[in-house]
Amino acid sequence: MTESVLSGGEALGIEFGSTRIKAVLVDENGNPVASGSHTWENKFENGYWTYSLNDVWSGVQSAYNNLNENVFNKFKKHITTLSAIGFSAMMHGYLVFDKNDNQLAEFRTWRNTTTKEAAEKLSDLFSFNIPQRWSIAHLYQAVLNNESHINSIDFITTLAGYVHWQLTGEKVIGIGDASGMFPVDDKTGNYNAEMLEKFSAVTDVLKCNWNICDILPKIMLAGECAGRLSEKGARLLDTSGNLRPGIPLCPPEGDAGTGMTATNSISINTGNISAGTSIFSMIVLEKPLSRVYEEIDIVAAPNGNSVAMVHCNNCCTDLDYWISIFSQFSDLIGNNLDKSEIYDILYNSALDGDYDCGGLLNYNYFSGEPVARLQNGIPVFLRKRNAVFNLKNFMRAQIYSSMAALKLGMEKLENENVRVTRFTGHGGMFKTPYVAQKLMAGAFDTPVSVMETAGEGGAWGMALLALYMIKGNGKSLETYLYEDIFSKYKSKTILPDNKDTEGFCEYMKLFKKGLAVEKTASESI
């Protein structure tokens, strides 16, 4: 560790994930030097998946305090100042406030599938895919529902944008996060002017006493200074009172953009797959797609490059529940294996399963899955009467299930001849080495790389964006990442195995047929 640690030249990235708030401190060269975290979980209340704002603040304070404790244990100093800070969070969703900064409705997260009518109408209006989780879909659905708070709205933002606003007073947002609120124009680096005009002219919207242009946060690009930590902000973040105000903050970003940064996947024709509570792929486009696809979002990288995003609501949640069952069994028989050991044992067993899972099927839909055309979800496990029902096939079906919805969306990009030379994987699914990486390479018939920094995740990516703001020295973000950061890190790449690819294709044939069962179950139970 360099002697300069805690000189004040470090940068801090904090990301609000679905199940964990993580803080990563990096030195002036981008190397992680300490981290802290806090576990939290969404709740289903009044028909919405949500987090309370009280939990936002208690959570980020807990993560920061945990980081500060770890820093003190390593270096016998507490953090007092930093060169830069950045915040990121789950993209999309609905956070609205009145002119007195009062929250007007519960925070409606990306996980909700309650905006089907609005999303379809906006997609038709714009000739551009507006998914249900986008902020504009939530806003328009509230308008269509004639919700009582609509005419009191003064500001709409994302979770990252909200936290940044409270810490700096600035109502701004990074272009990547903004592109999940409302369509952006990659040529102007701002919201799409034509679509803003079309939305403003909608009859239901004309009745509202606000203009969409006035309530959205200002867009900023990577490298720009987006404000400074206020006195109030310093106390909100660090309850010990040690952190000094005045630290510059970079534009707040979404978890998709930080994932792209953390995997060095922001250049044209690069791609990454994030696999955790949700799963999504990001591919930086060389040219626009030929048509609109309901399964594909067009969003932006932190530097403004246009990106095709396939986002699926469900990935590892159902798998985690099954692992818990095996963990309970381990405790009952007195083995008391650590949960991480159980993950490794069961994941590795999947490698010995039949390539097509032997007639076993799993649907991991805890919530609705728009890519699969499902408004609601319920986890379902199925097997054919003559299936080869064993643990190896069961686990392989669980892992395949976590990738199947993504495959449905990726098939549309294959039709557009959009391909990448390799995907870089990151997220909780890759904690067990090799297994998910190998099966994913087969599933998408594309090499999959995992970097040695994969465990640091989006919080590290956010710290790099904060560092770029002060250390970029006029370089483009692509150049800075390639030359100053990733040239010193190694990655492991696994090539697709033809048998895995063929087996996953067979699994998907049965998976598509079984979606009718999943649909009936979700509607009936």
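Rules used in this analysis
Residues numbered from 1 in each chain as written. Predicted model: local features only at pLDDT ≥ 70, side-chain atom pairs only at ≥ 80, totals over all residues. Heavy atoms only, no water. Buried < 20%, exposed > 50% of the residue type's maximum accessible area, 1.4 Å probe, protein only. Helix = DSSP H or I, 4+ residues; strand = E, 2+ residues; numbered from the N terminus. Arc of directions from axis to C-beta. Contact = heavy atoms within 4.5 Å. Polar contact = N/O pair within 3.5 Å; in protein donor to acceptor, adjacent residues only side chain to side chain. Phe/Tyr/Trp six-rings, centres within 6.5 Å; stacked < 30°, edge-to-face > 60°. Expected span 1.5 Å × (residues − 1). Pairing = 2+ DSSP bridges. Axes fitted to C-alpha atoms, helices over the stretch in contact; angles between N-to-C directions. Salt bridge = Lys/Arg side-chain N within 4 Å of Asp/Glu carboxyl O. 1 Å grid on protein atoms, 1.4 Å probe; cavity = no way out; pocket = protein on both sides within 12 Å on 5 of 7 lines; lining within 4 Å. Points joined across faces, edges and corners; volume = space filled by probe spheres on them. Nonpolar A, V, L, I, M, F, W, Y, C, P; charged D, E, K, R; others polar. Parallel < 35°, antiparallel > 145°, perpendicular 65-115°, else oblique. Left-handed = near helix turned anticlockwise from the far one by under 90°.

A.B. asks: Please provide a residue-by-residue account of helix α6 (residues 193–200), values included.
C.D. replies: Residues M195, L196, F199 and S200 constitute the buried set of α6. End-on view of α6: buried residues confined to an arc of 135 degrees, all on one side of the axis. Exposed positions of α6 whose direction lies more than 90 degrees from the buried face are A193, E194 and E197. Those residues of α6 hidden inside the fold are in contact with α2 (116–126), α3 (135–144), β11 (190–191), α7 (203–206) and α8 (212–215). For α6, the N-terminal cap is N192; the gap from its side-chain oxygen to the backbone nitrogen of E194 is 3.1 Å.

A.B. asks: Break down the packing of aromatic side chains for me, with residues and values.
C.D. replies: Counted according to the given criterion, the structure contains 30 aromatic pairs. Ring centres 5.1 Å apart and planes at 70 degrees place the aromatic pair F97 and W165 in the edge-to-face group. Here F97 is found in strand β7 (residues 95–97), whereas its partner W165 is found in helix α4 (residues 159–168), with 68 residues between them in sequence. Among the residues examined, F97 registers a relative accessible area of 2% and is labelled buried. Take W165: its relative accessible area is 6%, and that puts it in the buried class. Taken together, a centroid distance of 5.0 Å and an interplanar angle of 20 degrees make the contact between Y321 and F366 stacked.

A.B. asks: Mind laying out unusual backbone geometry, listing which residues take part and the relevant values?
C.D. replies: Most peptide bonds take the trans configuration, and most residues that are not glycine carry a negative phi. For N269, which is not a glycine, the phi torsion comes out positive at approximately 70 degrees. The residue N269 is located in the loop between α10 (255–262) and β14 (271–275) in this model. For Y434, which is not glycine, the phi torsion reads 80 degrees and is therefore positive.

A.B. asks: Account for helix α15 (residues 457–471), with residues named and values stated.
C.D. replies: The end-to-end C-alpha distance of α15 is 21 Å, a good match for the 21 Å that 15 residues give at a rise of 1.5 Å each. Burial analysis of α15 places 13 of its 15 residues in the buried class, which makes it a mostly covered element. Positioned one or two residues after α15, N473 has a phi angle of 50 degrees, which is positive.

A.B. asks: Can you lay out the pairing of strand β17 (residues 306–312) for me, pointing to particular residues and giving the numbers?
C.D. replies: Where a strand is regular, its side chains alternate between the two sheet faces. Counting buried positions along β17 yields seven of seven residues, so the element is predominantly enclosed. Side-chain alternation along β17 places S306, A308, V310 and C312 on one buried face and V307, M309 and H311 on a second face that is also buried. Relative to β17, strand β15 (residues 279–284) runs antiparallel, the two being bridged by six bridges. Bridged to S281 within β17 is V310. Bridge analysis of strand β16 (residues 297–300) against β17 gives four bridges, and the strand direction is antiparallel. Following the sheet pairing, I298 is matched in β17 by A308. Connecting the antiparallel pair β16 and β17 is a turn made up of five residues, with G304 showing a positive phi of about 100 degrees.

A.B. asks: Can you explain the sheet that holds β16? Please cite residues and give values.
C.D. replies: Within the open sheet, the seven strands sit side by side as β16-β17-β15-β14-β20-β21-β22. Their pairing is mixed. Both edges of this open sheet fall to β16 and β22 (491–494), since each of them pairs with a single strand only. Adjacent strand axes in the sheet meet at a mean angle of 30 degrees, parallel and antiparallel pairs treated alike. Of the strands in this sheet, β14, β15, β17, β20 (423–426) and β21 (448–451) touch α10, which is tilted by about 65 degrees from β15. Contacting β14, β15, β17 and β20, helix α13 (residues 391–415) runs over the sheet at an angle of about 25 degrees to β15.

A.B. asks: Any details on the pattern of salt bridges? Residues and values, ideally.
C.D. replies: Under the counting rule described, the total for this entry stands at 18 salt bridges. In this structure, K116 and E120 form a salt bridge, with 2.7 Å as the shortest nitrogen-oxygen distance. Within this pair, K116 and its partner E120 are both found in helix α2, separated by four residues, close to a single helical turn. For K116, a relative accessible area of 41% corresponds to the partly exposed category. Overall, E120 belongs to the partly exposed group, its relative accessible area being 42%. Among the salt bridges present, the one from K475 reaches E483, with a minimum N-O distance of 3.2 Å. Among the charged side chains, a salt-bridge network with shared partners connects E106, R108 and E147.

A.B. asks: Can you break down the sheet that holds strand β13 (residues 253–254) residue by residue, with the values?
C.D. replies: As summarised here, the arrangement of the five strands in space is β3-β2-β1-β6-β13, forming an open sheet in which the pairing is mixed. Taken across any chain shown, the strands that pair with only one partner, and hence form the sheet edges, are β3 (32–39) and β13. The pairing of strand β1 (residues 11–16) with strand β2 (residues 20–26) spans six bridges and is classified as antiparallel. Looking at β2, one finds that F16 is bridged to I21. The strands that helix α1 (residues 53–75) touches are β1, β2, β3 and β6 (84–89); relative to β3, the one it contacts most, it runs at about 145 degrees.

A.B. asks: Kindly report on empty space enclosed by the protein, identifying the contributing residues and their values.
C.D. replies: Counted under the stated rule, the structure contains four cavities of 30 Å³ or more. Approximately 70 Å³ is the volume attributed to the largest cavity. Taken together, I283, M410, E414, V418, R419, V420, F423, F444 and T446 make up the lining of the largest cavity. Of the residues contributing to the lining of the largest cavity, the split by class is six nonpolar, one polar and two charged.

A.B. asks: Let's hear about the packing of α1 against α4: which residues, and what values?
C.D. replies: As a packed pair, α1 and α4 sit with axes 12 Å apart at the nearest point and diverge in direction by 70 degrees. Here α4 runs roughly perpendicular to α1, going by the angle between their axes. As for how α1 packs across α4, the hand of that crossing is right-handed. Contacts between α1 and α4 involve L53, V56 and W57 from the first element and L159, Y162, V163, Q166 and L167 from the second.

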